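Listed here are the chains, written in short residue letters.
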Amino acid sequence: MPIRTYRDLTVWQRAIDLAAETYRCTRTFPIDERYGITQQIRRAAVSISSNIAEGQGRYHRPEYLHHLSYARGSLQELRSLLTVAERLGFVFGTPPETMNDLCDQVGRMLAGLRQSLLKNHKP
């Protein structure tokens, strides 16, 4: 199936799943963290799919790769913030293991898309 828009990308679809699960995960965080770590976690999660979409919408492959790099950075930020929340003893609405698995899956897919774009790039 040809890729027409970012919505056709499985990695974008999984990143959306990760963002939705992140919102469910953080619903049980302390109310006084609503504008602290909860907001940071949610923003990082949403940034992953947003950067994939923005990159795919660019006209030039280097720009696409640049946005995939931002998406990967947001994924790492999300992982780090989830680790902080876990160490602080926050109750997760979704088990931390499930969140780690979702992050792993998206990370592998981002790496695969990047490799595919680099391999098929003709300077």
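Before any of the text, the structure's been laid out above.
All values reported here derive from a predicted model rather than from experimental measurement. (Residues numbered from 1 in each chain as written. Predicted model: local features only at pLDDT ≥ 70, side-chain atom pairs only at ≥ 80, totals over all residues. Heavy atoms only, no water.)

Colleague: So what's going on with the pattern of salt bridges? Which residues, and what values?
Modeller: Summed over all chains, the structure comprises five salt bridges. Across the pair Arg-14 and Asp-17 runs a salt bridge whose closest N-O atoms are separated by 3.6 Å. Here the residue Arg-14 and the residue Asp-17 both occupy positions in helix H1 (residues 10-26), the gap between them amounting to three residues, near one helical turn. Residue Asp-17 is classed as partly exposed on the basis of its relative accessible area, which comes to 35%. Here Glu-21 and Arg-24 are joined by a salt bridge, their closest N and O atoms 3.0 Å apart. Residue Glu-21 and its partner Arg-24 are located together in helix H1, separated by three residues, close to a single helical turn. Of the residues examined, Arg-24 reaches a relative accessible area of 38% and is grouped as partly exposed. Three or more residues are tied together by salt bridges with common partners; here these are Glu-54, Arg-58 and Glu-63. (Salt bridge = Lys/Arg side-chain N within 4 Å of Asp/Glu carboxyl O. Helix = DSSP H or I, 4+ residues; strand = E, 2+ residues; numbered from the N terminus. Buried < 20%, exposed > 50% of the residue type's maximum accessible area, 1.4 Å probe, protein only.)

Colleague: Quick one: what's the story with the environment of Thr-22, residue by residue and with numbers?
Modeller: With respect to the element layout, Thr-22 can be found in helix H1. A relative accessible area of 0% means that Thr-22 is categorised as buried. Thr-22 sits 53 residues away from Leu-75 along the chain, and the two C-alpha atoms are 12 Å apart. For Thr-22, the contacting residues outside a window of four places in its chain are Ile-41, Arg-42, Ala-45, Leu-78 and Met-99. (Contact = heavy atoms within 4.5 Å.)

Colleague: I'd like a rundown of the packing of H1 against helix H2 (residues 37-56), residues and numbers included.
Modeller: To describe two helices that pack against each other, one gives the angle between their axes and the distance between the axes. Contact pair H1 / H2: the axes reach a minimum separation of 9 Å and the direction vectors enclose 170 degrees. Judged on the interaxial angle alone, H2 and H1 are roughly antiparallel. Residues Val-11, Trp-12, Ala-15, Ile-16, Leu-18, Ala-19, Thr-22, Tyr-23 and Thr-26 of H1 pack against Thr-38, Ile-41, Arg-42, Ala-45, Val-46, Ile-48, Ser-49, Ile-52 and Ala-53 of H2. A class-by-class count of the residues in the contact of H1 with H2 yields 13 nonpolar, four polar and one charged. (Axes fitted to C-alpha atoms, helices over the stretch in contact; angles between N-to-C directions. Parallel < 35°, antiparallel > 145°, perpendicular 65-115°, else oblique. Nonpolar A, V, L, I, M, F, W, Y, C, P; charged D, E, K, R; others polar.)

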